[in-house]
Structures are given as C-alpha cells and as structure tokens.
Amino acid sequence: MLYRDGDRLASRTGALMAAKITGRATPEVLAAYAVGARPRPGRPVLDIGCGRGASTLALTRALPGSRIVAIDASGAMLRATRARLEQTGAAATAAQADFHHLPLADGSTALTVAAFCLYHAPDPRRVLSEIVRCLHPDGTVILATKSADSYASLDRLVARAGLDPDAERRTGLYGAFHSANMRDVADHALTVRHVHHEVHRFRFRDLAHTAAYLATSPKYRLPEGLAGDPDALAHQLRSVLPDGPVETSSVVSYLIGTAPH
Ligand SMILES: C[S@@+](CC[C@H](N)C(=O)[O-])C[C@H]1O[C@@H](n2cnc3c(N)ncnc32)[C@H](O)[C@@H]1O
C-alpha cells in the first residue's frame, strides 16, 4: 500500500519541495480556485484523497466558515491530516472512505477538490461520476494532476545507474489521469470551465538530495537494501555516477468543472 506511512511521504515530498525552482505551491493554487468558486456556505466542501492534508489546510485558511471534509482511504494519511488540523486549530473533519463510495448525500456538496489522487483509480471516470452524484447543481469541482512524463530525467538516472533497468519503460504513477487526458476524462462527467497547465522545475543539490526523493518513490523497483534507505541509495548512486546537481520537471494541471447541464 503506497500510503501506509505518512512520514515516508512527508520526507519524499520535503526533498522534492526543497528542489523546486519554478512552479506555484499547489495547495495555494487549489485554495485560490476554491475561493473563486464561491461555495455556498453551509454545504460541505470535500477534499478527496487528502493525503497528509496540505490541500485541506489551505482550504480551511481560504474558506473560513465553510464545512470542510477531508476524505482518504488510508488510515495513516488521515492520522497525519488530523494531527495537522489539530496543531493549527483548523476547522475541518476527516473521514475514511474510498472515493468510489463517498459518504455524502446526492446533490449535497458545494465544492469538491480532488488533487493528485484520481490517477490511483483504475477508471477515474467512475470516481468523477461519484463526485457528480454528490455535487449540488450549483457546485464546482477542482481537479489537479501531473503530466505522464513527470520526473522522466529521474527515470533515466535510475536506469543509467543500473538500479532499475526498466524505470524508463514502466508506466508511471499518473498513467490513468494526467495532463494530456484530464480534459477528455472530465468531459464525461462535468462541464469543463477552465484548464491550466504549469511547468514545475526542480534542481536537486546533489545525489544525496536526489536519493532522499528516490528512496521511497513508488515508481521504482530498487534493489533490496536500497529501497527506503536514502543514505544507502546515495552511496550506491555516487559509486556509479558523477556527483552534482540533478534537474527534472513536471507539468501540473488544474481543471475547474461544474455539474453537467
Ligand atoms: C498524493 S496523495 C494526495 C495529496 C493531496 N490531495 C494534496 O494535494 O496534497 C494521494 C492520496 O490519494 C489517496 N487515495 C488513493 N486511492 C484512494 C481511494 N480509492 N479512495 C480515497 N483515497 C484514495 C491516497 O491514500 C493518498 O493519500
């Protein structure tokens, strides 16, 4: 299970964020779109696939007074989200649910955010149908995903280092729902109002910094002993590659939709 350990996700995300040189902070962009949607007070605002709650926290700051409900299938992620909500005193509830079966009544939600999670569904259209079932006719849906070729230079590096020779051939995490198919997929369930693509660039300081991201990436099949161990992975990388900065990129895509007419 990809999301059974909040600390591992936090350290991988931390390494990636420390490497970022261009691209806006995604929770803040989502929150700005949420404010623009003017969700009707009193109706629930959902953050599905909330992960460690970065987007949930941004929504609570941007929409004070809204009834925000964070949803995730992973108990570990929900524990992390609840802890962060408690630390900041943010008002939101967190519920465990599969996004194919949302615990909400038909036509009840003012706004649903599904950021960087629909690609985990075998068929994201089914999740979108469920989101639309719960959506009030005046409601808004905000989706975010990344390009299918995100971080491709890291795949090359992992393959070149002989750690995972198939790294470049394997379908990435974003195969089912990515920048290039998001509009088509969303079109089946929503009226698409706006799509925006933004290039994010990253520069890892050296191989140790790169290893801090790679060691727990779900994409790679790293040799036993290196998976999950950034120091051992950095040591191995340095033994086969020249040390120095490593650059990579990803396109982050946002879509705003409303209920179908
Ligand atoms: C990358 S995290 C999303 C982070 C968060 N939305 C953000 O923008 O910071 C993806 C999340 O989707 C959740 N997820 C995957 N499959 C799910 C499902 N079937 N139902 C609900 N959540 C799911 C995972 O547990 C994980 O927490």
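All figures in this text were calculated on a predicted structure; none of them were measured in a lab.

With respect to the helices and strands, Ser147 occurs in the loop between strand 6 (135–146) and helix 6 (152–160). The class for Ser147 is buried, based on a relative accessible area of 7%. Looking at Ser147, its side chain comes within polar contact range of the side chain of Asp149, at 3.0 Å. With residues near it in sequence (within four places) discarded, Ser147 still touches Tyr174, His178, Ser179, Ser250 and Val251.

This part covers the site of the ligand. Looking at the ligand, there are 17 residues lining it, with Gly49, Gly51, Asp72, Phe99 and Ala115 nearest. Ala73 places a polar main-chain atom, nitrogen or oxygen, 3.2 Å from a nitrogen atom of the ligand. For the ligand, a nitrogen atom lies 2.9 Å from a polar atom in the backbone of Phe99. Against a free-state accessible area of 600 Å², the protein chains account for coverage of 87% of the ligand.

So, about the sheet that holds strand 2 (residues 44–48). The 8 strands are arranged 1-7-8-6-5-2-3-4 in an open sheet whose pairing can be described as mixed. Bordering the open sheet on either side are strand 1 (20–22) and strand 4 (93–96), each of which pairs with just one other strand. The average undirected angle you get between the axes of adjacent strands in this sheet is 25°. Of the strands in this sheet, strand 7 (191–204) and strand 8 (246–258) are in contact with helix 6, which crosses strand 8 at around 140°. The sheet strands contacting helix 8 (residues 207–214) are strand 7 and strand 8, and the helix crosses strand 7 at an angle near 140°.

Here we come to the side chain of Thr60. Positionally, Thr60 belongs in helix 3 (residues 54–62). Residue class for Thr60 comes out buried when judged on its relative accessible area of 13%. A distance of 2.7 Å separates a polar atom in the side chain of Thr60 from the backbone oxygen of Leu57.

Attention shifts here to helix 8. Counting buried residues in helix 8 gives 6 out of 8 residues, a clear majority hidden from the surface. Inspection of helix 8 places Leu207, His209, Thr210, Ala211, Tyr213 and Leu214 among the buried residues, and these make up the whole buried set. The N-terminus of helix 8 is capped by Asp206, whose side-chain oxygen sits 3.3 Å from the backbone nitrogen of Ala208.

With that settled, consider the UniProt feature "domain: Methyltransferase" (unreviewed entry) in the protein chain. Per the UniProt record, "domain: Methyltransferase" (unreviewed entry) is annotated on residues 45–139. Annotated as 36% helix and 27% strand, the span residues 45–139 places its first and last C-alpha atoms 10 Å apart.

Here the focus is the pairing of strand 8. With 10 of 13 residues buried, strand 8 lies mostly within the body of the structure. Bridge analysis of strand 6 against strand 8 gives 7 bridges, and the strand direction is antiparallel. Looking at the pairing, Ala144 lines up with Tyr254 of strand 8. Looking at chain direction, strand 7 and strand 8 are connected through 13 bridges and run antiparallel. In the strand pairing of strand 8, Val195 is matched with Leu255.

This next bit is on unusual backbone geometry. With phi around 45°, Arg38 is a residue other than glycine that occupies positive phi space. Note that Arg38 resides in the loop between helix 2 (26–37) and strand 2. Given the relative accessible area of 72%, Arg38 is considered exposed. The phi angle at Phe116 is positive, at roughly 55°, despite the residue not being glycine.

A separate point is the packing of aromatic side chains. Throughout the structure, instances matching the rule amount to 5 aromatic pairs. On the numbers, 5.7 Å between centres and 55° between planes, the contact of Tyr33 with Tyr254 is tilted. Here Tyr33, found in helix 2, pairs with Tyr254, found in strand 8; they are 221 residues apart in sequence, far enough to count as distant. You can call Tyr33 partly exposed: its relative accessible area is 21%. Ring pairs connect the aromatic residues Tyr151, Phe202, Phe204 and Tyr213, which therefore count as one cluster. In this structure, Lys146 is placed above the aromatic ring of Phe116, and the distance from its NZ or CZ to the ring centre is 5.6 Å.

Reading the values: the criteria
By convention here, each chain's residues receive numbers from 1 onward along its written sequence. Totals for whole chains, interfaces and linings use all residues, but because this is a predicted model, local features are given only for residues with pLDDT of at least 70 and pairs of side-chain atoms are given and counted only at 80 or more. Think of the side-chain values as coming from all heavy atoms in the structure, minus any hydrogens and water. Secondary structure elements are defined from DSSP: runs of H or I of at least 4 residues count as helices, runs of E of at least 2 residues count as strands, and each element is numbered from the N terminus. The classification of residues rests on relative accessible area computed with a 1.4 Å probe and restricted to protein chains. Under 20% of the type maximum is buried, over 50% is exposed, and intermediate values are partly exposed. Polar contact criterion, stated in full: a pair of N or O atoms within 3.5 Å, where within protein one must be able to donate a hydrogen and the other to accept it, and residues adjacent in sequence count only if both atoms are side-chain atoms. In this analysis, two residues are considered to be in contact whenever any of their non-hydrogen atoms come within 4.5 Å of each other. Any residue with a non-hydrogen atom lying within 4 Å of a molecule or strand is treated as near it. Surface exposure here means Shrake-Rupley accessible area, sampled with a 1.4 Å probe, where a residue is shielded only by the protein chains that are shown. By this definition, two strands are paired if DSSP reports at least two bridges between them. Each axis is a line fitted through C-alpha atoms, and for a helix only the stretch in contact is used; angles between axes span 0 to 180 degrees, taken between their N-to-C directions. UniProt positions are given in the numbering used here, feature names are shortened, and annotations may be inferred rather than shown by experiment. Each Phe, Tyr or Trp ring, with Trp reduced to its six-membered ring, pairs with another whose centre is within 6.5 Å; inter-plane angles below 30 degrees give stacked pairs, above 60 give edge-to-face pairs, and intermediate values give tilted ones. Consider the ring centre and the ring normal. A charge sits over the ring if Lys NZ or Arg CZ is within 6 Å of that centre and within 35 degrees of that normal.

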